[in-house]
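# Topology and contacts: notes
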Amino acid sequence: MDIVILTGAGISAESGLSTFRDTGGLWARHDWRDLATPAGFARDPAAVLAFYNARRQAVRTARPNAAHVALARLEAAWPGRVLVVTQNVDDLHEKAGTRNLIHMHGAHAGALCAACGHRWPAPLVMAPADPCPACARPATRPDIVWFGETPRQLPAIHAALAACDLFVAIGTSGRVQPAAGFVRRARTAGARTLELNLEPSAQAALFDAALQGPASRLVPAWVEGLLGGRAP
Ligand code: BV8
């Protein structure tokens, strides 16, 4: 049985990283139009880089929680394929040992030249004057997918959804496309669907089953059950 798991900011909340749409979340404190769009970056690159520098700093010391660790354990022990597609830009899945992983919204670990498209490992602190190592122009930006930009590796994600037997969404509000539409693709392919979240997401009605609670409790219990032969 092949499994596709979509994760969102909620899986990293118990590792101390902010979510977006919860009370006190990033988009409750900042306007996404200013900080997570190409237009916002063009208007005020220093403000956008400062926003991502602060988050990159927080990610550097964050540790994976029991939910990330359980998913890595599932990948290692499961006889079928397990693919984690994360909307998150932190590296907690990697730190927990997950290997088969797609960062559909990019990652803090990457830098991108807005002028020539060159990519390189991100410095801890980015400044607007930082020259691109390839073209030397001061156009350094986070290698992260902003609103209006195309998410990464969609063909591979769509192929995995079309072939999976089980689709699980963990810690996502189901409000951002195209990730929010993955459950519909999985259902069309005949997969069972399960949502593990603190509260019902905007896509909750499309899931066959749902459990509410903190990911660090729900995910290890779900993985334990799956590996012990219990139905997903
Ligand atoms: C695209 C950058 C075309 C990364 C992000 C109007 C104008 C412009 C665009 C649009 C528009 N209308 C629609 C769009 C499309 C837009 C979109 O969907 N907008 C929505 C908001 C209306 N999407 C895009 O622009 C995307 N690109 O569409 O391109 C295209 C499409 C297909 C094919 C080709 C081209 C690009 C979207 C990516 C934007 N980047 N941020 C960063 O800075 O991190 S958005 C941001 O939202 C993050 O990426 C984040 O990952 C994503 C989703 O949020 P969640 O992860 O779900 O987090 P959230 O806080 O919302 O929810 C957390 C959940 O966890 C909650 O339910 C909570 O209850 C739960 N939780 C909390 N604690 C716990 C928990 N669960 C368990 N345990 C806990 N402890």
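Keep in mind it's a predicted model, so treat the numbers as computed, not measured.

About the criteria used
Counting starts from 1 at the beginning of each chain's written sequence and moves along it residue by residue. Note on the predicted model: pLDDT of at least 70 is required for a residue's local features to be given, and 80 or more for side-chain atom pairs to be given and counted; whole-chain, interface and lining totals, by contrast, use all residues. Side-chain measures were taken over the full set of non-hydrogen atoms in the model, leaving aside hydrogen atoms and water. When DSSP finds two or more bridges between two strands, those strands count as paired. Note on conventions: DSSP H or I runs of at least 4 residues are helices, E runs of at least 2 residues are strands, and numbering of each starts at the N terminus. Here an axis means a line fitted to C-alpha atoms, over the contact stretch when the element is a helix, while the angle between two N-to-C directions is reported on a 0 to 180 degree scale. In this analysis, two residues are considered to be in contact whenever any of their non-hydrogen atoms come within 4.5 Å of each other. Here the aromatic set is Phe, Tyr and Trp, taking the six-membered ring for Trp, and pairing holds for ring centres within 6.5 Å; pairs whose planes are under 30 degrees apart are stacked, those over 60 apart are edge-to-face, and all others are tilted. Each residue gets one of three labels from its accessible area relative to the maximum for its type: buried under 20%, exposed over 50%, partly exposed in between, using a 1.4 Å probe on protein chains only. For a Lys NZ or an Arg CZ to count as sitting over a ring, it must be within 6 Å of the ring centre and within 35 degrees of the ring normal. Any residue with a heavy atom positioned within 4 Å of a molecule or strand is treated as near that molecule or strand. We call two N or O atoms a polar contact when they sit within 3.5 Å, provided that within protein one can donate a hydrogen and the other can accept it, with sequence-adjacent residues counted only if both atoms are side-chain atoms. Note on areas: Shrake-Rupley with a 1.4 Å probe; residue coverage comes only from the protein chains shown. Classification convention: Asp, Glu, Lys, Arg as charged; Ala, Val, Leu, Ile, Met, Phe, Trp, Tyr, Cys, Pro as nonpolar; all other residues, Gly among them, as polar. Here the limits of each domain have been adopted from an automatic or database domain assignment. To form a nonpolar core, buried Ala, Val, Leu, Ile, Met, Phe, Trp, Tyr and Cys residues must be joined to one another through side-chain atoms within 4.5 Å.

This brings us to the sheet that holds strand β4 (residues 106-113). Backbone-to-backbone hydrogen bonds pair the strands of a sheet. The strands run either parallel or antiparallel. A sheet is described by the order of its strands in space; here three strands give the open sequence β5-β4-β6, paired in antiparallel fashion. Edge positions in the sheet fall to β5 (119-121) and β6 (140-144), since each has one partner strand and no second. Pairwise comparison of adjacent strand axes, ignoring direction, gives a mean angle of 45 degrees for this sheet. Looking at chain direction, β4 and β5 are connected through three bridges and run antiparallel. Among the inter-strand pairings, Leu 112 is bridged to a residue of β5, identified as Arg 119.

In space, the six strands of this open sheet follow the order β3-β2-β1-β7-β8-β9, with parallel pairing throughout. Because the sheet does not close on itself, it has two edges, and the strands there are β3 (101-103) and β9 (209-212). Strand-to-strand twist across the sheet, computed as the mean angle between neighbouring axes with direction ignored, equals 15 degrees. Here helix α9 (residues 215-227) sits on the sheet in contact with β1 (3-7), β7 (166-170), β8 (192-197) and β9, set at roughly 145 degrees to β8.

In this section: the packing of aromatic side chains. This model, assessed by the stated rule, comprises seven aromatic pairs. Ring centres 5.4 Å apart and planes at 40 degrees place the aromatic pair Phe 41 and Trp 146 in the tilted group. On the criterion of sequence distance, the pair formed by Phe 41 in helix α3 (residues 38-43) and Trp 146 in the loop between β6 and α7 (154-163) is long-range, its members being 105 residues apart. Residues Phe 41 and Trp 146 agree in their burial class; the two are buried. When the centroid spacing of 6.2 Å and the interplanar angle of 45 degrees are considered together, the rings of Tyr 52 and Trp 146 count as tilted. Highlighted residues: Tyr 52 in helix α4 (residues 45-61) and Trp 146 in the loop between β6 and α7, separated in sequence by 94 residues. Tyr 52 gets classed as buried once you look at its relative accessible area, which sits at 3%. Residue classification places Trp 146 among the buried residues on the basis of a relative accessible area of 3%. Sitting above the plane of the Trp 146 ring, Arg 141 keeps its charged end 3.8 Å from the centroid.

The environment of the ligand is made up of 36 residues, and the closest members are Phe 20, Arg 21, Gly 148, Thr 172 and Ser 173. One of the side-chain N or O atoms of Glu 14 is found 3.0 Å from a nitrogen atom in the ligand. Residue His 105 places a side-chain N or O atom 2.8 Å away from an oxygen atom belonging to the ligand. When isolated, the ligand has an accessible area of 1,500 Å², and the protein chains bury 78% of it. Residues of the shell around the ligand, tallied by class, amount to 16 nonpolar, 13 polar and seven charged. Two domains each donate at least three residues to the shell around the ligand, and these are domain 1 (1-17 + 64-105 + 151-232) and domain 2 (21-61 + 107-144).

With that settled, consider the nonpolar core. Formed by 22 residues in total, the largest nonpolar core has its most connected members in Ile 3, Ile 5, Leu 74, Val 168, Ile 170, Val 219 and Trp 222. Those elements that place two or more of their residues in this core are β1, α5 (66-77), β2 (82-86), β7, β8 and α9. Looking at this core element by element, the count peaks at six residues for α9. What Val 219 contacts, discounting residues up to four positions off in sequence, is Ala 67, Ala 70, Leu 71, Ile 170 and Leu 196. With 20 residues, the next largest nonpolar core counts Leu 6, Ile 102, Phe 182 and Leu 206 among its residues.

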